[in-house]
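Single-letter residue listing:
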Amino acid sequence: MSASGYSLSNLRGIMNDESYNRLTAIKNDRLHSFLAWVIEVCEPASVFVSTGSPEDNEYIRRKAIESGEEIPLRLRGHTVHFDSPLDQARARDDTAILLPNNQRLPFIRTKDRDEGIKEMITLLKGVMKGREMLVGFYSLGPKASPFSVLAVQVTDSYYVMHSENILYRQAYDEFIRQGKEARFLKFIHSQGELNEIKQSRNIKQRRIFIDLTDETVYSVNTQYGGNSIGLKKLALRLTIKRAMEEGWLSEHMFLIGVNGPGGRVTYFTGAFPSMSGKTSTAMLGRLVGDDLAYLRIINGEVKAVNPEAGVFGIIEGINPIDDPLIYDVLSKPGEVIFSNVLMLENGDVYWNGKGEPEPSSGINYTGKWWKGKVDEKGNPIPPSHPNARFTVSLKAFSNLDPVYDDPSGVPVKGIIFGGRDSDTMVPLLESFNWEHGVITIAASLESERTAAVIGKAGEREFNPMANLDFLSVDLGVYISNYLKFGKEALNPPKIFSVNYFLRDENGEFMNSKEDKKVWLAWMERRVNDELDAVETPIGLIPRYSDLKALFEEVLGKEYRFEDYEKQFTVRAGKLIEKIDRITKIYSEIPTTPKVLFNILNEQKQRLLEIEGKYGYVIPPSVFDKNQ
């Protein structure tokens, strides 16, 4: 993209005085050139520049309803939005990282930068004719903070800007304050031509291109939030690269405070692939963030913030028993956008797994819906899509931590990695040290597919740091940056593995849903040096006596020794198979640091040695002679 030939004079004719004056108040030629170029390409009928004021936010909300992009519901502040049946999730095949000279990266869909920009300009040419272009200014992370990353969003969708006004911190004032010094991410989105029910029509021309060179994301012919809300996972690709260059971490992690004894609060981040317990774990603590985290070393200490100020969450399965905090937020008046759920005749909404009887009819993303409705292939259409969402401010949650917006961040004492694993990893494990954790836990993360994921259910999917879908840099270099980050911290966070999905020989889960509260309590005490642990070939596990006391304290129930023995058995044969799988993957990536192979091989040798003595399956009592 070349916007260098454009300036404020190019903006004068298309804008009213108010929007023009709002832009001239920001003394940044790069911003002016960028916006003038976008206007030239997209050809909107008018331009609305938002300052993020209550009046501007209300204008966007009102226009979202007037345009038909959102429909008001019975409860005050609630609206529903419907995406096309073909536009219900992140579009992997239509998304690409743009790299110069046809560069390639492992596991990442790339496209030649010149070719990609040329294609996108063709798709964007005149796409906003007859429409209002919206311009919004945001900060990823608290404003005026060392963590803050500024961003500008251009879109012709009131739904998209309404969502971003809920999810992110408004930062028009920061753009003014920083002026010509402001560095910012750029997002250009158009929903394209719409059908009669206000859904993107040209899904075959859907494209989402991430230009790392110019820190710009282009998105067209799509409305689904993950493809259109620029500051969400599209921004993650840009910030991962920036973090690599600047020596910090931009991660797909929740950020919570865990309550400990005597009123103590200890902060953890956590990375889990889809459907592995991420949201349910985040809601057990003092909520800072449910999805993304920026980690920086400040005066030798690892600190973190949530770049977001809201939640764009999967709604399927949320019910008053398992998810009381979220259910409460979604059941009372307040600003909430539902997407791709079922709208009932009385203005309420229903979603799969809500804990109520399934309605007989309503309106969903396919139009009129009735029980028994099938698609063109004869498959039943559920009331709501499995990836239906809700968008709401963090301020709506009763467990929001008061420090969630602290510009200095919170101190991170532990990092948790979890996956869906039926037969290999123990429920709870601590690594020996930072390097061991990064390599044998984070970089080796696998998770079994569920019925909701394309592919064969039960197959293991390699997903290092639960971030593979969003990487924009070489995986080997990404891991090297992780290792370097820990070395530069005076006292790096402890790294833990959790697995809520271990099954017994009859296929039954070995742990209940509530056991994760105990795992969090153990980790909180470990990072505060209050409990010992048992050393095994793969890391440190809890002592039975400690877990027994914590089960009584946290859940008020007895924890049996025979359950501990089964759950914390070291499955040496399965673990060796996993090491072999992971080693093979990394051996095909030339940039993989040699230390990764060394540490994996050392762990394999420890397992082979213990397997030779005790067999493929070794109970924890073998390792703890004090039990």
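See the structure shown above.
Overview of the structure. (Residues numbered from 1 in each chain as written. Predicted model: local features only at pLDDT ≥ 70, side-chain atom pairs only at ≥ 80, totals over all residues. Heavy atoms only, no water.)

**Focus: the overall build of the protein chain**
Here is step 1: When helices and strands are counted, the protein chain shows 17 helices and 33 strands.
Here is step 2: In terms of principal-axis extent, the alpha carbons of the protein chain reach across some 80 × 55 × 50 Å.
Here is step 3: Within the span of the protein chain, comprising 627 residues, buried residues form 61% of the whole.
Here is step 4: Across the protein chain, contacts joining residues at least 24 apart in sequence account for 74% of those joining residues at least 6 apart.
Here is step 5: Where the 77 positive side-chain charges of the protein chain centre and where its 86 negative ones centre are 2 Å apart. (Helix = DSSP H or I, 4+ residues; strand = E, 2+ residues; numbered from the N terminus. Buried < 20%, exposed > 50% of the residue type's maximum accessible area, 1.4 Å probe, protein only. Contact = heavy atoms within 4.5 Å. Lys, Arg positive; Asp, Glu negative; His and termini not counted. Charge placed at Lys NZ, Arg CZ, Asp CG, Glu CD.)

**Some remarks on the packing of aromatic side chains**
Here is step 1: Counted according to the given criterion, the structure contains 28 aromatic pairs.
Here is step 2: For the ring pair Phe 272 and Tyr 500, a centre distance of 6.0 Å and an interplane angle of 35° mean the geometry is tilted. Taken as a pair, Phe 272 in the loop between strand S14 (265-271) and helix H9 (278-282) and Tyr 500 in the loop between strand S29 (494-498) and helix H13 (515-527) lie far apart in primary sequence, 228 residues in all.
Here is step 3: Assessed through its relative accessible area of 2%, Phe 272 is described here as buried.
Here is step 4: Summarising the aromatic geometry, the rings of Trp 519 and Phe 551 are spaced 5.9 Å apart at their centres and angled 80° between planes, so their arrangement reads as edge-to-face. Taken together, the residues span a long stretch of sequence, with Trp 519 in helix H13 and Phe 551 in helix H14 (residues 544-555) at a distance of 32 residues.
Here is step 5: Of the residues examined, Phe 551 reaches a relative accessible area of 1% and is grouped as buried.
Here is step 6: Through a chain of ring-to-ring contacts, three or more aromatic side chains come together here, namely Trp 519, Tyr 544, Phe 551, Tyr 559, Phe 561, Tyr 564 and Phe 568.
Here is step 7: Stacked on the ring of Phe 501, the Lys or Arg Arg 420 has its end atom at 3.9 Å from the ring centre.
Here is step 8: Over the ring of Tyr 500 we find Lys 516; its NZ or CZ atom is 4.9 Å from the centre of that ring. (Phe/Tyr/Trp six-rings, centres within 6.5 Å; stacked < 30°, edge-to-face > 60°. Lys NZ or Arg CZ within 6 Å of the ring centre and 35° of its normal.)

**Notes on the environment of Gly 230**
Here is step 1: Mapped onto the elements of the fold, Gly 230 is located in helix H8 (residues 230-246).
Here is step 2: For Gly 230, a relative accessible area of 2% gives the class buried.
Here is step 3: Each C-alpha atom of the pair Gly 230 and Phe 187 lies 5.7 Å from the other, and the pair is 43 residues apart in sequence.
Here is step 4: Setting aside its immediate chain neighbours within four residues, Gly 230 contacts Gln 153, Glu 164, Phe 187 and Ala 235.

**Some thoughts on the sheet that holds strand S3 (residues 78-81)**
Here is step 1: On the basis of which strands lie adjacent, the open sheet formed by five strands has the order S2-S3-S19-S24-S18 and mixed pairing. This sheet does not close on itself; its edge strands, each paired only once, are strand S2 (71-72) and strand S18 (310-314).
Here is step 2: Where S3 and strand S19 (residues 336-339) come together, four bridges link them in parallel fashion. Residue pairing in the sheet places Thr 79 in a bridge with Ile 337 of S19. (Pairing = 2+ DSSP bridges.)

**Section: the pairing of S19**
Here is step 1: The alternating pattern of S19 places Val 336 and Phe 338 on one face and Ile 337 and Ser 339 on the opposite face, and all of these are buried.
Here is step 2: Direction of pairing for S19 relative to strand S24 (residues 389-393): antiparallel, over a ladder of four bridges. In the sheet register, Ile 337 faces S24, and the bridge partner there is Thr 391.

**Comments concerning the nonpolar core**
Here is step 1: Core analysis: the largest hydrophobic core is formed by 162 residues, its most contacted members being Leu 330, Phe 338, Phe 390, Phe 417, Trp 519 and Met 523.
Here is step 2: Among the elements that take part in this core, H8 stands out by supplying eight residues, more than any other.
Here is step 3: Sequence-distant contacts of Leu 330, defined by excluding residues within four places in its chain, comprise His 78, Ile 315, Ile 318, Val 336, Phe 338, Trp 351 and Phe 390.
Here is step 4: Among the nonpolar cores identified, the runner-up in size contains 38 residues, and Met 128, Val 135, Ala 171 and Val 220 belong to it. (Core = buried A, V, L, I, M, F, W, Y, C linked by side-chain atoms within 4.5 Å.)

**Comments concerning the packing of H13 against H14**
Here is step 1: Relative orientation of the contacting elements H13 and H14 amounts to 120°, with a least axis distance of 9 Å. One element, H13, and the other, H14, form an angle in the oblique class. Crossing geometry of H13 relative to H14 is assigned as right-handed. Two secondary-structure elements touch here, H13 through Asp 515, Lys 517, Val 518, Trp 519, Ala 521, Trp 522 and Arg 525 and H14 through Leu 547, Leu 550, Phe 551, Glu 553, Val 554 and Leu 555. (Axes fitted to C-alpha atoms, helices over the stretch in contact; angles between N-to-C directions. Parallel < 35°, antiparallel > 145°, perpendicular 65-115°, else oblique. Left-handed = near helix turned anticlockwise from the far one by under 90°.)

**Some points on the side chain of Lys 373**
Here is step 1: Tracing the backbone shows Lys 373 in the loop between strand S23 (367-370) and S24.
Here is step 2: No salt bridge is formed by the buried Lys 373. Its closest oppositely charged neighbour is Glu 376, at 9.4 Å.
Here is step 3: Side chain to side chain, Lys 373 and Thr 366 meet in a polar contact 3.1 Å long.
Here is step 4: Here Lys 373 is in contact with Thr 366, Lys 368, Asn 379, Pro 380 and Ile 381, once residues within four sequence places are set aside. (Salt bridge = Lys/Arg side-chain N within 4 Å of Asp/Glu carboxyl O. Polar contact = N/O pair within 3.5 Å; in protein donor to acceptor, adjacent residues only side chain to side chain.)

**Concerning the pattern of salt bridges**
Here is step 1: Applying the stated criterion across every chain, the model contains 57 salt bridges.
Here is step 2: Across the pair Asp 322 and Lys 513 runs a salt bridge, and its minimum N-O distance is 3.2 Å. Of this pair, Asp 322 sits in the loop between S18 and helix H10 (324-330) while Lys 513 sits in the loop between S29 and H13, and the two are 191 residues apart along the sequence.
Here is step 3: Taking relative accessible area as the criterion, Asp 322 reaches 40% and is therefore assigned partly exposed.
Here is step 4: Assessed through its relative accessible area of 60%, Lys 513 is described here as exposed.
Here is step 5: The structure contains a network of salt bridges with shared partners spanning Asp 421, Asp 423, Glu 446, Glu 448, Arg 460, Lys 574 and Arg 581.

**Focus on H14**
Here is step 1: Its twelve residues place the ends of H14 16 Å apart at the C-alpha level, agreeing with the 16 Å of an ideal helix rising 1.5 Å per residue.
Here is step 2: Residues of H14 that are buried include every one of Tyr 544, Asp 546, Leu 547, Leu 550, Phe 551 and Leu 555, and no others. Angularly, the buried residues of H14 cover 150° about the axis, an arc narrow enough to put them on a single face.
Here is step 3: Looking at the packing, one finds that the buried side of H14 touches H13 and helix H15 (561-567).
Here is step 4: Phi turns positive one or two residues past the end of H14, at Gly 556, with a value near 65°. (Expected span 1.5 Å × (residues − 1). Arc of directions from axis to C-beta.)

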